[in-house]
Structure formats: structure tokens, C-alpha cells
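# Coordinate analysis (summary)
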Amino acid sequence: MAVFVYAENINGVYKKAAFEAVSYAKAVADQAGDTVTVISVNPTDSSDLLYKYGATNVINIKDEGLKNFSAKAYAQAVSEVVDGNILVFPHTTDASSVAPMLAIMKNYSLITNVLEAPESQAPFQVKRKAFSGKGFMHAKAEGTGVILTVSQNAFGVKENAVSGSEEVKNLSVANEDTKVISHEQSSGKLDLKEAEVVVSAGRGLKGPENWGMVEDLANVLGAATACSKPVSDIGWRPHTEHVGQTGKAIAPNLYIAIGISGAIQHLAGVNSSKTIVVINSDAEAPFFKSADYGVVGDAFQIIPALTEKIKALKG
Amino acid sequence: MKILVCISSVPDTTSKINFTADKSAFDKNGIQWVINPLDEFALTKAIKLQESQGATVTVLNVGDAVTEPVIRKALAIGANDGVRVNLDPKDSYSTAKEIASVAQNGGYDLILCGKESIDYNGGSVPGMVAQLLNQPFVNASVGLDVNGAEATAVREIEGGKETISVKLPAVIAGQKGLVDEKDLIIPNMRGIMSARTKPLQVVEPTSSEVKVQGVSYDSVPARAAVKIVSPDNLDELVRLLHEEAKVI
């Protein structure tokens, strides 16, 4: 029986998290000698992008009623086409809104924030993130049906090309309970949770007017920008950039923390980063204990200089 | 309007997380318990609706008697009454089942909760409750207004936000931004005193079914010692990131 995976798209374009979920599903399928079937809703991207990561079948749901996202209606649509015991979702906001509703509809177990390939499939057991990144849980599903959400940037995107085929399912799911009034999306801004490099700053920057140099560094690195909790509380930066225990949990390849002392709540949200660089004028800042590389000094001199050096490296 | 706010009792955000020697459970020794911070945004929003629209606010926790101080704190913040389902919950499903059961009997117009708890981070309970009750669900909400039988919710989406009208009753899961951090209510003496006499009903669980078991737990491995680079030698930092860590 195929492993199913939900490939999330935004305005028809697949997210990196979708490719990661397909890569994960392929690893699960390979363990059991199965194939991967992808479900997506109103994509405009080609299914070739999904075959590249191991999808053998792609079911494209076409439904004008699902043009706007509704967790309930999307769960209903996915439940109409899914036909397997294992269903993989990315742990994005939308997908992790659909997954719990679907788990109830199908009477399946739901394990969220999954980090690695399953430890066993019968019973289904897998490692997941818990305690806001301060610990791990090995979770076992009761029963046979299981839905997983894969933590972003944890498993990684892995190419594993197969030849696949596509099927279109025309549905018309009732979507009457919610109605989108307005939709604002800032174009060209890198999604913080998907970003492979994140440059983040804290109160050490002294004021919002100094964020230009953080953005300059982020631009040369192709990075997203983030901030500590006090900075978003004061209103220097929007809530959406707050990373930490009560903000966003991220797991980029490189996290650069500028003028952030490293409170335990901040570390909880960022300690899944693969490499951490801390830049702080206070040599006693606790963050240095959790960093791979550290620079003790004045951010206002270090950041512009570092930006120039990285620019030179990247040519 | 009747609002049900679901709160979870979680370790204080400054807690160091340890597990029992056999790694089979979270070690609760020495832990201070607080209202899950994301639930606190939902609770404060409910109190604001209580003030502006005369709503009644019931706070609900699924937990054993140890969680009662957290319910009392929610009452001190301003909830009208409290319900505790007498069950030490083992997973999101068992928690959601009990919440749905209380909600079904109470006829609430709005169910508010945080989008996830900061302990087990399931992020599953609100959506499960919505589906069990067959109600619409808005997750990651950063704004909410109620107008009669309809709510207008703002939800965070990747790289932006979306404003949605929702037919009530509905389940809304909030996060930071639903109310500002500065608007979070710190209980005053009057609130604390009145919380002592507010009704707190204890109900027995309806089911014991569990769908996910925590088999064992691990701590996060420590990183190797930090390599300190001189601010006068940023070429070395760039080299390390490029050649050693291979991240740029």
C-alpha cells in the first residue's frame, strides 16, 4: 500500500517543505518496499518536480471551491483521495492545520514535528521534537493508520528520481464556514521557517534604525531575518520575525545571532540550527556556550565588515 | 456569548528540561507550572471580549489536581468559571476528546486556545477539537473580532497574513499577536481574592483511549566548545563557515 504525502503549494507553486515531505515519504516507502503517492490541491507547478524526489503517482485535486485555504475543507478533500495507512504532511502552518482534522476523520494516530525516518513501522515509532526543542520524544502510534508532520529543515530535501504519472481528481468540496476577506503576501520575502540561513538580532542593536546592516548581511547570504522576543515586544520588528519558545522554532543550516544574549527561551527556538554563530560585545553572554563560532566585539563594526568579506567570497 | 478557553499547564519557559533516569518520562521535579504562554494570548483575548461584549468566559484544563493553581490563575485573570477534566492526558487525541465533550455539553459560541503547548508541541489539539465538534477551525490566529454569529480572524500565513470571516461556533487557535504582549493581564489582589470563590467544576473523563504513546525521551546533545574568532580576523570566520562548517 502506497505511502501518501500531502505536497503543499502556495498559489500553485510547491514549497520547499513539500519536496522535503516527499523526500521523507520516499524514505518511509523504501523501508517497506512501497511507492509514494502525492496529493496536492490546485497546483500549477509540474508534477515532474515531485517525481524528482521519489513520487510515483501524483493526484492533483482540482476544486475551485478550494481556491482559498480552509483547514476543514482541505482535510475533507484529502480524506476523499487518500487510500493508505501512512500519510506524510510538512509541518507548515497550513498543513499542520489540516493534519489534526484529517486524523479525526480517518481515526488515525497523528505524530507531529517528526525529525527522522521511522525507527519501526509495525508498530510505527519515530523520533519527534518536543519541549520546544529542549528534548526529543520517541513516539509510538497505536493502531495501523498514522499521519505524520515532518519538521521543516529536519530531514532535508533528497533527490531520488523515479518515473511517475499524474491523475486529476475533480472535486467540489463544500467550503461554506469560512470566507477569505483579504490576503496580504509580501512578495520576494524569504520564508523564515524554510530559510537555510537566518540572520537574527536582539536588543544589542540599540534601535530599529540599525536593522539596515542586518538586512545587508542577510541579503549577501540569501538569508531570512529574525529577531529576539524583546525586540518584537518593543515593536522594533514584527511578531512574525520573533524566533524562540513562544515565537517561531527554526532549524536553518546557519543561524547568525547578533546582540542576542541567549536566554533559554531563545535557545529553545533556534538550537536545532546546524551551525550557530554568535556575535556579542559581552564575552559572558550565555549564548556563546551554545554556539559553534563566536566573535566578541562591536556589532556595528563587525557586521558591515563581515558583509563585505562574504560579498567578496561570493564574488 | 459563551467562550471556552482551553489552557494547558506547562513548565515555566525558563525551565531546564530533564527526563527520568530510565528516560521514560519528563522529570517534573522542581518544575514551576504556568499557563501555556500561547494559551495566555487566547485567554487575554477572551477577557477583552468579555469586557467589550459581555461574554462569559469559561476556562478549561484537562489535567490532574496538580494543575488547579493554573486554573485559579486564569480565574484571577478574569475568567468567570473553570472546568477541570480529571485526567492526566497522555496524548493530543485524549485531550481533544475531553475538550470536545465539555464543549458539546456547554453550547459555547467560541472555543479559543493557543496553537500549541510549549511542552509536547503537538499543535494538534485545536484542530482535533474542531473536527470532533464539526466546527470551522482557524489556526495561528493573530487577530480576532466577533460580530454576532460571525467572527473575523486574521491568521498568519507564510510571508503574510489573511483575514477570514468565520461562522460561529468555531475553534480559533491563537499565537503571539492575538493580543500584544503588553496587554497580557497580570492578576491583581482583587482578582486573586475573587478567584478563590469562583466556581471550579471537576468532571471525570469520558474515555481513556490513547493514539500516541511517548515511549522514551532524549535530551539535546551538547555542542562542541565554541571557537572564538577575533573581530580583527573576520577572514578566519568566513573561512571556517565556508570550509569547515560548509554553510556559506
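Residues numbered from 1 in each chain as written. Chains lettered and ligands numbered in written order. Predicted model: local features only at pLDDT ≥ 70, side-chain atom pairs only at ≥ 80, totals over all residues. Heavy atoms only, no water.

## Concerning the packing of aromatic side chains
Per the stated rule, a full pass over the model turns up 12 aromatic pairs over all chains. Relative to Phe19 of chain B, the ring of Phe131 of chain A has its centre 5.6 Å away and its plane inclined at 65 degrees; by these criteria the two rings are edge-to-face. Here the residue Phe131 of chain A occupies a position in the loop between β9 (124-130) and β10 (135-141), and Phe19 of chain B occupies one in the loop between β2 (9-11) and β3 (33-35), the pair thus bridging two chains. Like Phe19 of chain B, Phe131 of chain A is buried. Three or more aromatic residues link up through ring pairs in this structure, and these residues are Phe131 of chain A together with Phe19, Phe26, Trp33, Tyr120 and Tyr217 of chain B. The aromatic ring of Phe155 of chain A is capped on one face by Lys158 of chain A, whose charged end is 3.9 Å from the ring centroid. (Phe/Tyr/Trp six-rings, centres within 6.5 Å; stacked < 30°, edge-to-face > 60°. Helix = DSSP H or I, 4+ residues; strand = E, 2+ residues; numbered from the N terminus. Buried < 20%, exposed > 50% of the residue type's maximum accessible area, 1.4 Å probe, protein only. Lys NZ or Arg CZ within 6 Å of the ring centre and 35° of its normal.)

## Structural notes on helix α5 (residues 211-221) of chain A
Residues and elements named next belong to chain A. All buried positions along α5 are accounted for by Trp211, Met213, Val214, Leu217, Ala218, Val220 and Leu221. As for α5, its buried residues are in contact with β14 (197-201), β15 (224-227), α6 (229-234), β16 (254-258) and α8 (299-314). Downstream of α5 by one or two residues, Gly222 has phi in the positive range, about 65 degrees. (Contact = heavy atoms within 4.5 Å.)

## Section: the sheet that holds strand β6 (residues 110-114) of chain B
Spatially, the 10 strands line up as an open sheet ordered β13(A)-β9(B)-β8(B)-β7(B)-β10(B)-β6(B)-β1(B)-β4(B)-β5(B)-β11(B), and their pairing is mixed. One side of each edge strand has no neighbouring strand; the edge strands of this open sheet are β13 (178-185) of chain A together with β11 (200-203) of chain B. The average undirected angle you get between the axes of adjacent strands in this sheet is 25 degrees. Sheet topology note: the strand β1 (residues 2-6) of chain B/β6 of chain B ladder contains four bridges and is parallel. Each bridged residue has a counterpart across the sheet, and for Ile3 of chain B the counterpart in β6 of chain B is Leu110 of chain B. (Pairing = 2+ DSSP bridges. Axes fitted to C-alpha atoms, helices over the stretch in contact; angles between N-to-C directions.)

## Focus: the sheet that holds β15 of chain A
What the six strands build is an open sheet, ordered β15(A)-β14(A)-β16(A)-β17(A)-β18(A)-β13(B); its pairing is parallel. Pairing within the sheet leaves two strands with one partner each, and these edge strands are β15 of chain A together with β13 (227-229) of chain B. Pairwise comparison of adjacent strand axes, ignoring direction, gives a mean angle of 20 degrees for this sheet. The pairing of strand β18 (residues 293-296) of chain A with β13 of chain B spans three bridges and is parallel. Within β13 of chain B, the residue paired with Tyr293 of chain A across the bridge is Lys227 of chain B. Running over the sheet, α5 of chain A touches β14, β15 and β16 of chain A and is turned about 170 degrees from β14 of chain A. Relative to β18 of chain A, helix α6 (residues 234-244) of chain B is tilted by about 170 degrees, and along the sheet it contacts β16, β17 (275-280) and β18 of chain A together with β13 of chain B.

## What about the environment of Lys97 of chain B?
All names here are of chain B. On the secondary structure map, Lys97 appears in helix α3 (residues 92-106). Classification of Lys97 by relative accessible area gives partly exposed; the value is 28%. In sequence terms Lys97 and Met128 are 31 residues apart; their C-alpha atoms lie 8.1 Å from each other. Excluding residues within four positions of it along the chain, Lys97 makes contact with Leu132 and Ser207.

## A few points about helix α3 (residues 71-81) of chain A
Of all 11 residues making up α3 of chain A, nine are buried, and the element is well covered by its neighbours. Within the span of α3 of chain A, buried status applies to Ala71, Lys72, Ala73, Tyr74, Ala75, Ala77, Val78, Ser79 and Val81 of chain A.

## A word on the pairing of strand β8 (residues 150-157) of chain B
Residue and element names in this part refer to chain B. Of all eight residues that make up β8, six are buried, and the element is covered over most of its length. Remark: two residues form the turn of the hairpin made by strand β7 (residues 137-147) and β8, two consecutive strands paired antiparallel; Gly148 in that turn has positive phi of roughly 65 degrees. Judged from the eight bridges that link them, β8 and strand β9 (residues 160-167) form a sheet pairing that is antiparallel. Paired with Arg155 across the two strands is Glu162, which belongs to β9.

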